[in-house]
Every structure is written in structure tokens, then in C-alpha cells.
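# Architecture and fold: a report
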Amino acid sequence: MSTAESSFAHRGPASKARAPAHGWRRFREDLDTVFARDPAARTTAEVVLCYPGLHAIWAHRIAHGLWRRRRFLLARWLSHVARSLTGVEIHPGAAIGRRFFIDHGMGVVIGETAEVGDDVTLYQDVTLGGVSLEPGKRHPTLEDGVVVGAGAKVLGALKVGAGARIGAGAVVVKDVPPGATVVGLAGRVLDRVHDHGERPGIDLAESSRDHGGRVLEVLFEKVEKLESRVSDAALSAHRTAGGDEAPEFAGGEGI
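Before going into details, it helps to say that this report is about the structure given with it. (Residues numbered from 1 in each chain as written. Predicted model: local features only at pLDDT ≥ 70, side-chain atom pairs only at ≥ 80, totals over all residues. Heavy atoms only, no water.)

The full count for this structure, using the stated rule, is 1 cavity of 30 Å³ or more. If you add up the space inside the largest cavity, you get close to 50 Å³. Along its surface, the largest cavity is lined by Ala56, Ala59, His60, Ala63, Leu78, Ser79, Ala82, Arg83, Val88 and Ile90. Of all the secondary-structure elements, those providing two or more residues to the lining of the largest cavity are helix H4 (52-68) and helix H5 (72-86). A class-by-class count of the residues in the lining of the largest cavity yields 7 nonpolar, 2 polar and 1 charged. (1 Å grid on protein atoms, 1.4 Å probe; cavity = no way out; pocket = protein on both sides within 12 Å on 5 of 7 lines; lining within 4 Å. Points joined across faces, edges and corners; volume = space filled by probe spheres on them. Helix = DSSP H or I, 4+ residues; strand = E, 2+ residues; numbered from the N terminus. Nonpolar A, V, L, I, M, F, W, Y, C, P; charged D, E, K, R; others polar.)

Given below as C-alpha cells:
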């Protein structure tokens, strides 16, 4: 087995059938993907000319083909040019599936040993990065249907299961089960998709352990205390004035 072949030997199911684009059908599929996932897309000409994420994907297919043929310098040069033009940096060694969509695109970085399945969506400023200096698999594997929100960082040779959702700004350093939602800097799993495919609502009490949620919780507690004090003060003033207790103040209510 050659060096180029061995570099892909460790790849999982996400790396199968990663051939370059095949003419009009693949081109049409790319355009249909944009229209399906971006309501701002209006015309084919606009998508072809004005979507840097799409341009980056097209350039990567060519660069990845060169990389597999051991034309490493040419592949890296092409990816460098694409990065300069689109703001998206995809290492030519990364294996990317079909119907991949990068929305807005600016700041997206995808490392050499990253694997991206079919129907995956990334938003701006997403990083699929590595945390190890050792050779071999260093970057994440995203299975089919994963969505990664703006600014999220997925780091290391971990696996994000099919259909998972990574929230904006999340930092993920552990495997994510299929269908899970991950939020926050700690990258906690909040929920899974049930067997029948429905996603339960996020438990706000659980998510309040995040900093933002905790701040809201404290504010709500303060508002409740202030309302209680205002209600008590109004009721006390009414009684001091010698009037009968008005129905709206019964039981401390009315505020």
C-alpha cells in the first residue's frame, strides 16, 4: 500500500465514494443544495457567482483529487488560492461527502484528516480542528446530516453522530451521540432524538447551568422578589389608610 493510500486507510464510512465532481449532475446537485438550505438564494446566477462556500467546495474537490494522486504541493497551492478568494480553508486531504453546504463561509477551517459525511451544513467561523501533534487521525468525523452552528469549534479525533446539532459558539471535545444537541463551552449533550424521530424540547432548567442561562435565572428571581415586595407594600399602605381590603389585593395579588 502506498503512502497516499495508507493515509486514508484509517478513514471510516464517511470517506467512501469521495470522488471528484462528475459533470452536470453533480453541479446541479450542488445548486439544489444551496436553494434547499438558504432561503436567501434567488437565482442560479446569483448562487454560482456569489456563494464563496460553494466556490470553496468546488476548489476542494479538485485539490482533493490532486492530493490523492500525491500531487501534494499543487493541491496545497490550490487550497491556498481558494482560501484567499473565499475565506474558507479546507485542507486538500479532508474527505467531504455530497450535498455539503457552507453558509456564508468566512472563517471556516477544516483540517487534513477531517471526514464529513453527506448532507452536512456548516455556518461561518466553524473549525474542524486537531488537538494532537501525532501523525494519523487528528481531526473530527462528522456523520451524515450534522449541522454545526456559527463559531463552533469541534476539536480532536472525535465523532459527531448522524443528525446531531452543534449550537453556535459551542466547543466540542468529546464524541457526540447521533441526533444529540450540543450547546455551550463545555459541549454538553442536552437531548437526543427519540426512536420515532421527534426531538424533545430542551430542558431550560438543565441548560441554565450555562453562564447565560444562570444570569437569566438570577434576574427572574430578583424580579419575583421585587414584585412580592411591591405587592406587600401596596397592601400594607391600603390597610394603614383604614380602607377595606380591595379584592385585587387579596392574598397579596394585584401587581
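Right, picking up where we left off after that structure.
What follows concerns the sheet that holds strand E8 (residues 141-142). Taken together, the 4 strands give an open sheet; going across it, the order is E2-E5-E8-E11, and neighbouring strands pair in parallel fashion. Edge positions in the open sheet fall to strand E2 (95-96) and strand E11 (159-160), since each of these has one partner strand only. Of the pairings in the sheet, the one linking E8 to E11 comprises 2 bridges and is parallel in character. Its bridge partner lying in E11, Leu142 is registered against Val160. (Pairing = 2+ DSSP bridges.)

A word on the packing of H4 against H5. Viewed as axis vectors pointing N to C, H4 and H5 meet at an angle of 175 degrees, and their least axial separation amounts to 8 Å. Viewed along their axes, H4 and H5 adopt a mutual orientation that is roughly antiparallel. Facing H4, whose interface residues are Pro52, His55, Ala56, Ala59, Ile62, Ala63, Leu66 and Trp67, H5 presents Phe72, Leu74, Ala75, Arg76, Leu78, Ala82 and Thr86. Taken together, the residues of the contact of H4 with H5 sort by class into 12 nonpolar, 2 polar and 1 charged. (Axes fitted to C-alpha atoms, helices over the stretch in contact; angles between N-to-C directions. Parallel < 35°, antiparallel > 145°, perpendicular 65-115°, else oblique. Contact = heavy atoms within 4.5 Å.)

So, on to the packing of aromatic side chains. All chains considered together, the criterion is met by 3 aromatic pairs. Both rings, one in Phe27 and one in Trp58, keep their centres 5.4 Å apart while their planes meet at 25 degrees; by these two values the pair is stacked. Placement of Phe27 in helix H2 (residues 23-37) and of Trp58 in helix H4 is noted, with a sequence separation of 31 residues between them. For Phe27, a relative accessible area of 25% corresponds to the partly exposed category. Members of the aromatic cluster, each reached through a chain of ring pairs, are Trp24, Phe27 and Trp58. (Phe/Tyr/Trp six-rings, centres within 6.5 Å; stacked < 30°, edge-to-face > 60°. Buried < 20%, exposed > 50% of the residue type's maximum accessible area, 1.4 Å probe, protein only.)

Following the criterion strictly, the structure yields 13 salt bridges and no others. Among the salt bridges present, the one from Arg26 reaches Glu29, with a minimum N-O distance of 3.6 Å. Highlighted residues: Arg26 and Glu29, both in helix H2, separated by 3 residues, approximately one helical turn. Take Glu29: its relative accessible area is 14%, and that puts it in the buried class. Residue Asp119 pairs with Arg37 through a salt bridge whose shortest N-O separation is 3.6 Å. (Salt bridge = Lys/Arg side-chain N within 4 Å of Asp/Glu carboxyl O.)

Nothing here speaks to function; it is geometry throughout.
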